[in-house]
Amino acid sequence: MKFKDQYQFVSQNIKKNKIRVFMTVLATAIGCAFLIVLASVGFGLHDSILKETMEDRAVTEVQVHGRETDGNYQPLTDEDIDFFESLEGVKAVTRNKQLYQTPTYKLEDYQAQSNTLVSHFPSEVKAGLELSEGRLPEKENEVIVGYNFRSNLLLSDVNQEELYNDQDEPKDKYLYQDSLIGKVMDMEVIQINDNQEETKSISLKIVGVTEKPGREWEEDRSVYISNSVLKEVEEFTGTARGMVDSPGGEQQGPELEIGAYDQVTIYATSIETVKQVSEQLETENYASYSVISEMEQINILFTIMKAGLILIGTIAVLIASIGIYNTMTMAVTERAPDIGIMKAIGAKPKIIKRIFVLESSLIGLAGAVIGTIVAYVISFAVNIGLPLIIESAFNEELPPGLKFSMIPWTLVLIAVGICLVVTILSGLRPAKRATQIDVLKAMRREV
Amino acid sequence: MITVKNLYHQFELGKKGNKTTLPVLEDISFRIQEKEIVAIKGRSGSGKSTLLNLISGFIRPTQGEIWINGTNVTELNETDFAEFRLQYIGFIFQNFQLIPSMTAFQNIELPLILKGTPASARQKIVEETLEKVGLQNHKEHYPSELSGGQQQRVSIARALVLNPPLILADEPTGSLDSETEENLLHFIEQLNRDLGITFLIITHDEQVARIGNRTIEIADGSLLEGSDSREI
Ligand SMILES: Nc1ncnc2c1ncn2[C@@H]1O[C@H](COP(=O)(O)OP(=O)(O)OP(=O)(O)O)[C@@H](O)[C@H]1O
Ligand SMILES: [Mg+2]
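Report follows, based on the coordinates. These numbers come from a predicted model, not from an experiment.

Description of helix α6 (residues 178-195) of chain B
Residue and element names in this part refer to chain B.
In step 1: Along its 18 residues, α6 runs 25 Å from first to last C-alpha, staying within 8% of the 26 Å computed at 1.5 Å per residue.
In step 2: Every buried residue belonging to α6 is among E181, L184, L185, F187, I188, L191 and N192, and all of these are buried. Looking straight down α6, one finds its buried side chains confined to an arc of 160 degrees; they lie on one side. Turned more than 90 degrees off the buried face of α6, the exposed positions are E179, R193 and D194.
In step 3: The backbone nitrogen of E179 has a side-chain oxygen 3.1 Å away, supplied by the residue at the start of α6, namely D177.
In step 4: Residue G196 follows α6 closely and has a positive phi angle near 70 degrees.

What follows is the structure in structure tokens.
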């Protein structure tokens, strides 16, 4: 018997019992939709958390602290940077040097004290640095400032009590209001010579402001200067990184190499390559740290959660399968005389079984397809509606880009697979029963 | 065509622990030649239908062998027997046994579908068979829209459609009036003559027995003395 004819048989049978089949499909669709929507919350939240962690670049970051030789940690130099950049799976290697004093920046009547860094901008851009306004420095005296630099820039000549509000934050009216782009400010560095404080002023032009940090609690108030400005400072202080001599004249803190970097971060091309990069670093005796191990923990947690949700959802599909079992049993009972006749004429048991299995699989497939579509609609509605409800009910701002529900195609595959397996299994017994129908009893209408 | 050797059959009655057996056929042996029309006679309850059901494979004998067309069908499993029936045996039942949800055309088409004949070829074969039984104008009728005689002709068409060498009929005229019965018997003779189909027909009415080349009579589960069993 050809498949097309089997299908013809099944479709005729379905047409004869439209309502019953429709109800069974509906139950299956609801079960399938429930499974997908439930699991989609796990997928959505996992994705949101991954994305959020990804956004501030932490996931693909590998921080390198130094290289171990003979039990000592050597600071990292350009040589090491070249090696890192040659590694497979490395997207960018950012590095910066810290100025070892906090200069005062003066802009018109305002002034700020800010942490000052020398960064390598091409690699920062490759790593994902973006500016909220302006451009990257091109000339030696051009600088960019952190997004929160502005909150350091306060009107001078105002006494401390007046300057700050109850929460110890500077009052808005004393903050610099104009655009920073194109403004020229003076950087003042100091050095103590013979117990005399000497000051040097270098004039710098602000050309860019970095993007707002990804996390709510993060702030970037730094000023990013060029290497040649650093050199100028070092010449003035006579120390590496502009370290200020203590009044006693002795050097404080660690011995610093001029060319060494304070902070080196490798950005891997993807989460998968982080491990690879870390391993290569380890064999070369570099001390490194990445959050990927912590991410792995999160992944395991969410995988367990998703599996649990899928399991609970499967129960809904199982309940729907009772409906399929019932429908198919009724179909077999109703058609027993016809089955008897077909068997008498020469229909093999296998064919009879196949027709009924085909019918239950079609019901399962229709349920799965409809359920998937419904699940997508619900998921879409939840992602739009739930934030609105939560925001209006609890007056709570939700993090942007938070997705409650996400349906990746793997989930669709899993759900449709579960649906089909369950429905086919539940159709097997009725189908088996159909093959066992006694020809003579069926023809006497005794079944 | 058919050889039955020392066939025994008993039904098992009652539930577990309280079983009894009911012997229905005892030591039946006979042979039917190709192109014969053989009538099986006997009182009600003598075991005629049981014998035919054994030959059809709807029930299995307690003992003995049945050979059809050189095949020991008692050794066939259910699947192979189904295939065998489809290939070699046409059936005419007392109450027609048409599928009520299918038209005359579809009922006749059923064996072709089961055999896997392509849809394009089926159309023509069914049309021809409908013509043979004179129902070309009723092909879209459902069984409930046909008279008893017409229904029986549909069931004959269904039995003929795969050109089987053997047709088994259990009281084919049982639900028909005498005129229709007469027509049907003529038709059977004609099929036997023109197509060389072997018929094995159960009947308890003399009229039907008359068209047979031979008559086999069963009484109390055994072939009656004098009925034709010499050839074994
Ligand atoms: N499925 C069955 N289970 C138990 N006993 C049965 C079964 N089928 C038939 N019998 C018994 O076997 C005997 C023969 O029955 P069978 O149907 O073969 O008779 P028959 O000759 O065809 O009668 P009729 O002319 O009335 O059709 C009867 O006594 C009947 O009660
Ligand atoms: Mg009978």
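There is more to say, and it comes next.
Some remarks on the sheet that holds strand β5 (residues 71-72) of chain B
All names here are of chain B.
In step 1: Read across the sheet, 4 strands follow the order β2-β1-β4-β5 without closing on themselves; strand pairing throughout is antiparallel. Two strands lie at the open edges of the sheet, namely β2 (20-32) and β5, each paired on one side alone.
In step 2: In this structure, strand β4 (residues 63-68) lies alongside β5, joined through 2 bridges in antiparallel fashion. The residue bridging W67 from the neighbouring strand is N72, located in β5.
In step 3: The strands touched by helix α1 (residues 48-56) are β1 (2-13), β2 and β4; relative to β2, the strand with the most contacts, the crossing angle is about 70 degrees.

Topic: empty space enclosed by the protein
In step 1: Applying the stated rule across the entire model yields 2 cavities of 30 Å³ or more.
In step 2: Of the voids in this model, the largest cavity is the one considered here, and its volume is about 150 Å³.
In step 3: Lining the largest cavity we find 14 residues, and of these F9, N13, R335, D338 and M342 of chain A sit closest to its centre.
In step 4: Among the elements of the structure, α1 (3-16), α9 (336-345) and α10 (349-394) of chain A are those that each provide at least two residues to the lining of the largest cavity.
In step 5: Quantified by volume, the second largest cavity comes out at close to 100 Å³.
In step 6: Forming the boundary of the second largest cavity are I345 of chain A together with R85, L86, I89, G90, F91, P111, S155, R158, A159, L162 and P164 of chain B.
In step 7: At the level of secondary structure, the elements contributing two or more residues to the lining of the second largest cavity comprise α2 (78-88), β6 (89-92) and α5 (148-160) of chain B.
In step 8: Taken together, the residues of the lining of the second largest cavity sort by class into 8 nonpolar, 2 polar and 2 charged.

Rules of the game
Residues numbered from 1 in each chain as written. Chains lettered and ligands numbered in written order. Predicted model: local features only at pLDDT ≥ 70, side-chain atom pairs only at ≥ 80, totals over all residues. Heavy atoms only, no water. Helix = DSSP H or I, 4+ residues; strand = E, 2+ residues; numbered from the N terminus. Expected span 1.5 Å × (residues − 1). Buried < 20%, exposed > 50% of the residue type's maximum accessible area, 1.4 Å probe, protein only. Arc of directions from axis to C-beta. Polar contact = N/O pair within 3.5 Å; in protein donor to acceptor, adjacent residues only side chain to side chain. Pairing = 2+ DSSP bridges. Contact = heavy atoms within 4.5 Å. Axes fitted to C-alpha atoms, helices over the stretch in contact; angles between N-to-C directions. 1 Å grid on protein atoms, 1.4 Å probe; cavity = no way out; pocket = protein on both sides within 12 Å on 5 of 7 lines; lining within 4 Å. Points joined across faces, edges and corners; volume = space filled by probe spheres on them. Nonpolar A, V, L, I, M, F, W, Y, C, P; charged D, E, K, R; others polar.

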